[in-house]
Amino acid sequence: MVAGWAVTLKESMKGMVVENARSVAHKPLPPIPANLKVDDPRRPPITLLLFYQYIEPAWTSKQHRQALTFVIELGRKHRITGRGRCAAEGLNCTLTGTAEGIRAFCKGLRDWDPVFKETDFKLTDGLDYSKRFKSLTIQKKAELVAYGLPVSMAPPLKENETKHLEAHDYHKMMSESNTVIIDVRNHYEAAIGHFQPPPGGAEFIDPKVRNSHELPKWLAMPEVQDKLKGKKVMMYCTGGIRCERFSALFSQMKRENPDFKTEGEFMVRGGIERYMKTFPEGGYWKGKNFLFDKRQEQIPSSKPQEELEKEVESHCCRCKCLCGEYRGGFKCSEEDCQVPVIVCASCREEIGDAVPERKAGGLAAEAPPPPQLKCPLCEEGFRLRDKEAPKLRAAEKRKAQQDQPKESRAEKRMKKFADREPSTRLFVGNLPFVIDADRIKEALQGGVKLIKWIQDRTSGLWYGSTFVEMRSLTEAERVVQRAREGCGIRIGNRKLRVSFAPPSDG
């Protein structure tokens, strides 16, 4: 049984480490542990960093590109490895490095943009070198969590009414009646571990989603809203990021539907990651915490192994024996599902790993045909994919505003020069980088008196722009008129930018 089921609330909090529940937002980072030993300088202990930071208002396209470049360069500077998502709405990363390197990376983010002083950096020191990611990959994405709610549609976090509770307060709330607790993660994660409140306490709800796209669809179902009405609604995920956007969606759906009322929404600050560090003996946690890094799963550090084994309730998808770990890279064979599935050690020996081992020389061994395996949801025939996503009036209004036609840079430039007085001097831009004066004269169909190549003031290089002095005002007006009509003036695939460019006074 889960620790705490048959004991009082006070007894269930035995071994609690309250300081581990505290966020480091606006605080100094935790010091490097004094007992961190480096036995082999080539394979030092690794520190794992989990963090996310939403940005509101969202970065512009230019700021987004700059952020992506900065984060990658900062990571390389401090020899950080791992993976992350960089979207206009913020940054979400799981990284590894030395204890010094990880802390320098966090400080670099805080120095670069003060918004990262709000970030709850979650550090785990002293991991074996084998848990290190091999390289650094930060991907440019539309969303930090794939809910199908890009910036134009996403509910604003600043209007989110959900309260963040520290782990020990969240633990206490799980013992309260008229309360539900929603696992915001995928069903295959919840299968090997989840919160199990005590009898008489919160009711555990697994939405049974295959991916985050399905969660808004689940919340939009009338029967789900009926179940949540009038109750305290708790929610949790691995580190907190999935709850942030889901809870904002929850708040907006309540505002748009006056009949959908609850007694408030609550999420655990720092997610399961911080809860387990606060309750090393497990608290109300049952099983393992599924992880997407090289640790694969997290368990309460002081919970006895025999108790962990008793808590396993997931099964091998092939032989149905109890098994609580994902190994071998197996996935559901249903084409529109393909979530990870559990295959026990005995079955893995029979069918081999889904990911073939590599032979000497780096060549992959020939893989046998993949086994036909089904996840529990496919066996049950449970689907949320075909349900309707919520239609949010406020979000649709924002999207409509953002979808208004925007002027291109070229259109803005043309408008800028449209009111200039006609002159014999023209600006001609977007020229091929390899070109000579004769080809320009040919494109303008004669009348050219002089060409001045415009060089960059800093580098001295030419980037495709010129001033062209025409022989007469009539010739200049003819060229500008041609540039504005139909397909304009082209050299190859390039449409030239042409406008009057009278010399400035003085």
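Summarised in this report is the structure supplied together with it. These figures come from a predicted structure and were not determined experimentally.

1. A short note on the overall build of the protein chain
Next, step 1: A count of helical and extended segments in the protein chain gives 16 helices and 20 strands.
Next, step 2: If you sum the accessible surface of the protein chain, you get close to 26,500 Å²; carbon and sulfur atoms cover 50% of it.

2. Concerning the pattern of salt bridges
Next, step 1: Going through the model one piece at a time under the given rule, you end up with 30 salt bridges.
Next, step 2: Lys232 is paired through a salt bridge with Glu176; the nearest N and O atoms lie 2.6 Å apart. Placement of the pair is Lys232 in strand β10 (residues 232-236) and Glu176 in the loop between α4 (167-173) and β7 (179-183), with a sequence separation of 56 residues.
Next, step 3: For Glu176, a relative accessible area of 29% translates into the label partly exposed.
Next, step 4: Of the charged contacts in the structure, one is a salt bridge between Arg327 and Glu297, with a shortest N-O distance of 2.7 Å. With Arg327 in the loop between α10 (305-310) and α11 (345-351) and Glu297 in strand β14 (residues 297-298), this residue pair connects regions lying 30 residues apart in the sequence.
Next, step 5: Given a relative accessible area of 18%, Glu297 falls into the buried group.
Next, step 6: Each of Glu273, Lys277, Asp293 and Arg295 takes part in salt bridges that share partners, so that together they form one network.

3. Regarding the packing of aromatic side chains
Next, step 1: Counting across every chain of the model gives 21 aromatic pairs.
Next, step 2: Judged by centre distance (4.5 Å) and plane angle (15 degrees), the rings of Phe70 and Trp112 are stacked. Here Phe70, found in helix α2 (residues 61-77), pairs with Trp112, found in helix α3 (residues 99-112); they are 42 residues apart in sequence, far enough to count as distant.
Next, step 3: Taking relative accessible area as the criterion, Phe70 reaches 22% and is therefore assigned partly exposed.
Next, step 4: Look at Phe250 and Phe260: their rings are 5.3 Å apart centre to centre, the planes differ by 40 degrees, and that puts the pair in the tilted class. On the criterion of sequence distance, the pair formed by Phe250 in helix α8 (residues 241-256) and Phe260 in the loop between α8 and β11 (265-268) is long-range, its members being ten residues apart.
Next, step 5: On the accessibility criterion, Phe260 (1% relative accessible area) is buried.
Next, step 6: The ring of Phe382 is capped by Lys208, whose NZ or CZ atom sits 4.6 Å from the centre of that ring.

4. Description of the sheet that holds strand β4 (residues 122-127)
Next, step 1: Reading across from one edge, β4-β1-β3-β2-β5 is the order of the five strands in this open sheet, with mixed pairing throughout. With one partner strand each, in any of the chains shown, β4 and β5 (136-141) form the two edges of the open sheet. Direction aside, neighbouring strands of the sheet carry axes that sit 10 degrees apart on average.
Next, step 2: The pairing of strand β2 (residues 81-87) with strand β3 (residues 90-97) spans seven bridges and is antiparallel. Pairing of Cys86 across the sheet is with Leu91, part of β3.
Next, step 3: Here α8 sits on the sheet in contact with β1 (46-54) and β3, set at roughly 15 degrees to β1.

5. Overview of α2
Next, step 1: With 17 residues, α2 extends 24 Å from end C-alpha to end C-alpha; this agrees with the ideal 24 Å at 1.5 Å per step.
Next, step 2: Packing partners of the buried residues in α2 comprise β2, β3, α3 and β5.
Next, step 3: Directly after α2, the chain includes Arg79, whose backbone phi takes a positive value near 55 degrees.

6. Notes on the environment of Gly264
Next, step 1: Structurally, Gly264 can be placed in the loop between α8 and β11.
Next, step 2: We classify Gly264 as buried; its relative accessible area is 16%.
Next, step 3: It is 8.5 Å that separates the C-alpha atoms of Gly264 and Met234, two residues lying 30 residues apart in sequence.
Next, step 4: Once you skip the residues sitting within four places of it in the chain, Gly264 turns out to touch Lys231, Lys232 and Val233.

7. Observations regarding the sheet that holds strand β17 (residues 462-470)
Next, step 1: The sheet built from four strands is open, its strands ordered β16-β17-β15-β20 with antiparallel pairing. Pairing within the sheet leaves two strands with one partner each, and these edge strands are β16 (448-455) and β20 (497-500). When strand polarity is set aside, the average angle formed by the axes of neighbouring strands in this sheet is 25 degrees.
Next, step 2: Looking at chain direction, strand β15 (residues 425-429) and β17 are connected through four bridges and run antiparallel. Its bridge partner lying in β17, Arg425 is registered against Glu469.
Next, step 3: In this fold helix α16 (residues 473-484) packs onto β15, β17 and β20, with an angle of close to 140 degrees to the strand it touches most, β20.

8. What about the nonpolar core?
Next, step 1: Counting residues in each nonpolar core, the largest one holds 32 residues, and the members touching the most others are Val184, Trp218, Leu219, Leu228, Met235 and Phe246.
Next, step 2: Sorting the residues of this core by element identifies β1, β7, α6 (214-219), α7 (222-228), β10 and α8 as the ones contributing at least two each.
Next, step 3: Considering every element that reaches this core, the biggest residue donor is α8, with seven residues.
Next, step 4: Of all hydrophobic cores here, the second largest spans 25 residues; its members include Val71, Leu74, Ile80 and Cys86.

9. Here's the deal with the side chain of Arg274
Next, step 1: Residue position: Arg274 is located in helix α9 (residues 271-278).
Next, step 2: On the accessibility criterion, Arg274 (9% relative accessible area) is buried.
Next, step 3: Among the polar contacts made by the side chain of Arg274, one reaches the main-chain carbonyl oxygen of Asn20 at a distance of 3.2 Å.
Next, step 4: Of the polar contacts made by the side chain of Arg274, one reaches the backbone oxygen of Arg22; its length is 2.9 Å.
Next, step 5: Excluding anything up to four places from it in sequence, Arg274 contacts Asn20, Ala21, Arg22, Ser23, Asp120, Phe121, Lys122, Ala167 and Arg269.

10. Digging into the pairing of β3
Next, step 1: Burial analysis of β3 places eight of its eight residues in the buried class, which makes it a mostly covered element.
Next, step 2: Bridge analysis of β1 against β3 gives eight bridges, and the strand direction is antiparallel. By the bridge assignment for β3, Tyr54 is matched with Gly90.
Next, step 3: Connecting the antiparallel pair β2 and β3 is a turn made up of two residues.

Reading the values: rules and limits
Residues numbered from 1 in each chain as written. Predicted model: local features only at pLDDT ≥ 70, side-chain atom pairs only at ≥ 80, totals over all residues. Heavy atoms only, no water. Helix = DSSP H or I, 4+ residues; strand = E, 2+ residues; numbered from the N terminus. Areas by Shrake-Rupley, 256 points an atom, 1.4 Å probe, with all protein chains shown as cover. Salt bridge = Lys/Arg side-chain N within 4 Å of Asp/Glu carboxyl O. Buried < 20%, exposed > 50% of the residue type's maximum accessible area, 1.4 Å probe, protein only. Phe/Tyr/Trp six-rings, centres within 6.5 Å; stacked < 30°, edge-to-face > 60°. Lys NZ or Arg CZ within 6 Å of the ring centre and 35° of its normal. Pairing = 2+ DSSP bridges. Axes fitted to C-alpha atoms, helices over the stretch in contact; angles between N-to-C directions. Contact = heavy atoms within 4.5 Å. Expected span 1.5 Å × (residues − 1). Core = buried A, V, L, I, M, F, W, Y, C linked by side-chain atoms within 4.5 Å. Polar contact = N/O pair within 3.5 Å; in protein donor to acceptor, adjacent residues only side chain to side chain.

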